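# Per-entry structural report
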Amino acid sequence: DDPAFLPIIYEFPKHMIEKKLHLVPANFYIPNPNLGASVDEEFLKREFKKAEVEGLQSMQSFLAKHLNIQIATSMKAQRWAGADFWDEAAGKVTLDFIIEKSDVIEIGGDGGGLDDLLGLTVLGRDSETGAWYWWSHAWCHAIALERRKSEAPKYHDFAADGDLTIIDEIGQDVKQFGDIVRKCDASGLLDRIGVDPSGIGAIVDELENGDENGEGKIEHDRIVGISQGWRLNSAIKTTERKVAAREIIHDGSRMMAWCVGNARVEPKGNAILITKSASGTGKIDPLMAGFSTVALMAMNPEARQAESSYNKISRDADKLAIEMQERGIIFDREKWVKDKMMNRMTGK
């Protein structure tokens with residue numbers, strides 16, 4: 001109650017926060033009238049860059065401490081509800097498992113910039129139980145490890161797990177993405193591929209042109225642009241409900257657990273958004289790819305065929321293995337199945 005003391009707090013106008021102009025370093029002077037005097041401008045810029053690298057919690061702390069952004073405002077993007085049930089929905093899901101058990105498959109893709117992950121998710125529907133099986137993989141360029149040094153150890157761990165591929169040459173990721181799509185298509189189970197319309201050019205070219213021999217081409221109308229933003233609301237809600245009910249069983253990878261933990265929800269009218277901007281520097285590309293597959297699977301596509309090619313070839317392999325054993329001939333069943341699937345994929 002000192003009448004000689006008048007506390008004043010300088011804050012950003014609401015419209016600047018809504019437009020994210022408070023994140024532009026040139027505007028840091030607004031809540032810091034002593035910038036350049038008692039407040040060091042270069043220090044603020046360094047702390048801001050550090051918070052960008054360290055993640056959402058560090059950024060929230062920076063906003064509250066140095067830019068007078070209330071914590072309630074900076075935490076507007078909340079943790080995705082599905083994250084609370086994700087670990088419990090883990091199973092031993094692999095790509096081959098999905099091909100073996102499913103009557104239809106959807107594939108989603110998202111991301112792919114040099115400083116970004118290219119995420120792929122394969123979603124299969126169990127031919128007997130109707131459960132959905134989720135398997136994800138991601139790629140990043142080696143330059144991303146240089147630019148995101150704080151994340152490099154995680155990326156190397158994910159690569160050691162076999163869930164992330166670190167590439168050295170531009171285009172390797174898109175080609176390998178295409179190889180997985182072609183493998184699923186060769187099984188006879190693939191319905192469609194859903195991708196973010198804003199970044200599908202290289203993927204579309206790869207899928208439509210086929211492999212290096214021009215084989216395994218995917219028809220253009222099977223590559224679907226999945227609208228993002230609020231239009232993805234239904235897929236997000238469907239995913240979290242099915243994960244909570246264990247009607248989606250996923251691969252249990254550390255990479256996907258990390259991506260799910262990075263996801264932040266932002267309300268938009270009656271809908272919710274999960275966007276890269278809301279999630280900060282935390283990568284969510286394989287999760288977004290998964291939402292695209294859910295959007296397609298939720299349309300209840302017809303079973304592609306009564307018996308998948310994989311199952312038929314496996315059944316033939318079992319018969320041949322018995323015959324070879326009776327004749328005393330060594331038979332590599334796994335190689336035979338792999339060769340048959342490859343021949344089907346290439347049309348040989």
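These notes cover the structure that comes with them. Per-chain numbering applies: the sequence of each chain, read as written, is numbered from 1 onward. Residue-level local features of this predicted model are given only where pLDDT is at least 70; pairs of side-chain atoms are given and counted only at 80 or more, and the full residue set underlies all totals for whole chains, interfaces and linings. Hydrogens and waters are ignored; side-chain quantities use all the structure's heavy atoms.

## Observations regarding the overall build of the chain
The condition that has to hold: A run of DSSP states H or I qualifies as a helix once it reaches four residues; a run of E qualifies as a strand once it reaches two. Both are numbered from the N-terminal end. Accessible area is worked out with a 1.4 Å probe on protein chains only. A residue is then buried under 20% of its type maximum, exposed over 50%, and partly exposed in between. We call two residues contacting when some pair of their heavy atoms lies within 4.5 Å. With residues, only the protein chains shown are counted as cover, and all accessible areas are computed by Shrake-Rupley using a 1.4 Å probe. For the purpose of counting charges, residues Lys and Arg are taken to be positive, whereas Asp and Glu are taken to be negative. His and the chain ends are not included. Think of each charge as sitting on NZ of Lys, CZ of Arg, CG of Asp or CD of Glu.
A tally of helices and strands in the chain yields 15 helices and ten strands. Taking the principal axes of its C-alpha atoms as reference, the chain extends roughly 100 × 40 × 35 Å. Residue burial in the chain is summarised as follows: out of 348 residues, 45% are buried. Nonlocal contacts in the chain, meaning residues at least 24 apart in sequence, comprise 70% of its contacts between residues at least 6 apart. Split by element, the accessible area of the chain, about 18,200 Å² in all, is 50% carbon and sulfur. Computed over 44 positive and 56 negative side-chain charges, the separation of the two mean positions in the chain equals 1 Å.

## Section: the packing of aromatic side chains
Aromatic ring pairs are described here by two measures, namely the spacing of the ring centres and the angle between the planes. Filter applied, for reference: Aromatic rings from Phe, Tyr and Trp, with only the six-membered ring used for Trp, were paired whenever their centres fell within 6.5 Å, and each pair was classed as stacked if the ring planes differed by under 30 degrees, edge-to-face if by over 60, and tilted otherwise.
In total, this model carries ten aromatic pairs according to the counting rule given. Here W80 and F291 contribute two aromatic rings whose centre-to-centre distance is 5.6 Å and whose plane-to-plane angle is 85 degrees, an arrangement assigned as edge-to-face. In this pair, W80 is assigned in the loop between β1 (78-79) and α5 (83-86) and F291 in helix α13 (residues 285-297), connecting sequence segments 211 residues apart. Taken as a pair, W80 and F291 share a single burial class, namely buried. When the ring of F158 is compared with that of W258, the centres are 5.4 Å apart and the planes differ by 45 degrees; the resulting orientation is tilted.

## Side note on the nonpolar core
For clarity, the threshold we go by: Throughout, nonpolar core names a set of buried Ala, Val, Leu, Ile, Met, Phe, Trp, Tyr and Cys residues whose side chains join them through atoms within 4.5 Å.
Counting 40 residues, the largest nonpolar core has W80, W134, Y155, L164, I274, L287 and F291 as the members making the most contacts within it. The element best represented in this core is α13, accounting for six residues. Counting residues in each nonpolar core, the second largest holds 33 residues, with L95, I107, F177 and V337 among its members.

## Looking at the pairing of strand β6 (residues 190-195)
We apply this condition: Two strands make a pair as long as DSSP finds a minimum of two bridges between them.
Buried residues dominate β6, accounting for five of its six residues. In this sheet, β6 lies alongside strand β2 (residues 102-111) in parallel orientation, the contact comprising four bridges. The residue bridging I105 from the neighbouring strand is L190, located in β6. Pairing of β6 with strand β7 (residues 223-225), which is carried by three bridges, proceeds in the parallel orientation. Across the sheet, residue I193 finds its bridge partner in β7, namely I223.

## Some remarks on unusual backbone geometry
In the Ramachandran plot, N68 falls in the positive-phi region, its phi being about 55 degrees despite a non-glycine side chain. Positive phi outside glycine occurs at R246, with the angle close to 55 degrees. Along the chain, the position of R246 falls in the loop between α11 (233-244) and β8 (248-250). You can call R246 partly exposed: its relative accessible area is 42%.

## Describing the environment of L190
Examined against the element boundaries, L190 turns out to sit in strand β6. Through-space distance from the C-alpha of L190 to that of R222 is 9.4 Å; in sequence the pair is 32 residues apart. The contact partners of L190, leaving out residues within four places of it in the chain, are I105, E106, I107, V181, C184, D185, R222 and R304.

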